[in-house]
Amino acid sequence: MEIKWSIPTLERHTADGFVYTAHWRCTASDGDYSASSYGTAGFQQDPEAESFVPYDQLTEADVLAWVWAEGFKDATEAALAAKIEADKNPTSAAGVPW
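Residues numbered from 1 in each chain as written. Predicted model: local features only at pLDDT ≥ 70, side-chain atom pairs only at ≥ 80, totals over all residues. Heavy atoms only, no water.

Asks: Please set out the overall build of the protein chain residue by residue, giving values where relevant.
Replies: Helix and strand content of the protein chain: two helices and three strands. Ordering the α and β elements of the protein chain from the N terminus gives β-β-β-α-α. In terms of C-alpha radius of gyration, the protein chain reaches 18 Å, well past the compact-globule figure of 13 Å for 98 residues. Seen through its C-alpha atoms, the protein chain measures out along the principal axes to roughly 65 × 20 × 20 Å. Evaluated residue by residue, the protein chain yields a buried proportion of 26% over its 98 residues. For the protein chain, the proportion of contacts with a sequence separation of at least 24, taken over those separated by at least 6, is 53%. Only carbon and sulfur atoms are counted for the fraction: they give 49% of the accessible area of the protein chain, which is about 6600 Å². The average position of the 6 basic charges and that of the 16 acidic charges among the side chains of the protein chain differ by 9 Å. (Helix = DSSP H or I, 4+ residues; strand = E, 2+ residues; numbered from the N terminus. Rg over C-alpha atoms; globule rule 2.2 N^0.38 Å. Buried < 20%, exposed > 50% of the residue type's maximum accessible area, 1.4 Å probe, protein only. Contact = heavy atoms within 4.5 Å. Areas by Shrake-Rupley, 256 points an atom, 1.4 Å probe, with all protein chains shown as cover. Lys, Arg positive; Asp, Glu negative; His and termini not counted. Charge placed at Lys NZ, Arg CZ, Asp CG, Glu CD.)

Following this line, the structure appears as structure tokens:
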């Protein structure tokens, strides 16, 4: 199964560059099957903290690490894998026999 994470947009304060919300997307694919999830993670970092990274120096990897630290990675990937498995092995169907 292939899993791809991305950060389509960030919300920040223009005065100090503090990123307070990251919008994330996770897409999983396995052959002809795929599933995706979109969400947001909020942050309350201190822009005066030593670990603060200025907005113009952030990388997608930096922000993904923040998102994953909030606990989204494992749960999201497990849910997408379960969705794909359910799509591959349906337990119900609709239709008519004619």
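Asks: I'd like a rundown of empty space enclosed by the protein, residues and numbers included.
Replies: Using the criterion set out here, one finds one cavity of 30 Å³ or more in the structure. Its boundaries defined by the atoms lining it, the largest cavity holds a volume of some 30 Å³. Lining of the largest cavity is provided by Gly17, Phe18, Val19, Gln45, Phe52, Val53, Leu58 and Trp66. Partitioning the lining of the largest cavity into residue classes produces six nonpolar, two polar and no charged. (1 Å grid on protein atoms, 1.4 Å probe; cavity = no way out; pocket = protein on both sides within 12 Å on 5 of 7 lines; lining within 4 Å. Points joined across faces, edges and corners; volume = space filled by probe spheres on them. Nonpolar A, V, L, I, M, F, W, Y, C, P; charged D, E, K, R; others polar.)

Asks: Describe helix H1 (residues 60-69), naming the residues involved and giving the relevant values.
Replies: All of the buried residues in H1 are Val63, Leu64, Trp66 and Val67. One face of H1 carries all of its buried residues, which in axial projection span an arc of 155°. When the buried face of H1 is taken as reference, the exposed residues oriented beyond 90 degrees from it are Ala61 and Ala69. Of the residues flanking the end of H1, it is glycine 71, one or two places downstream, whose phi is positive at about 95°. (Arc of directions from axis to C-beta.)

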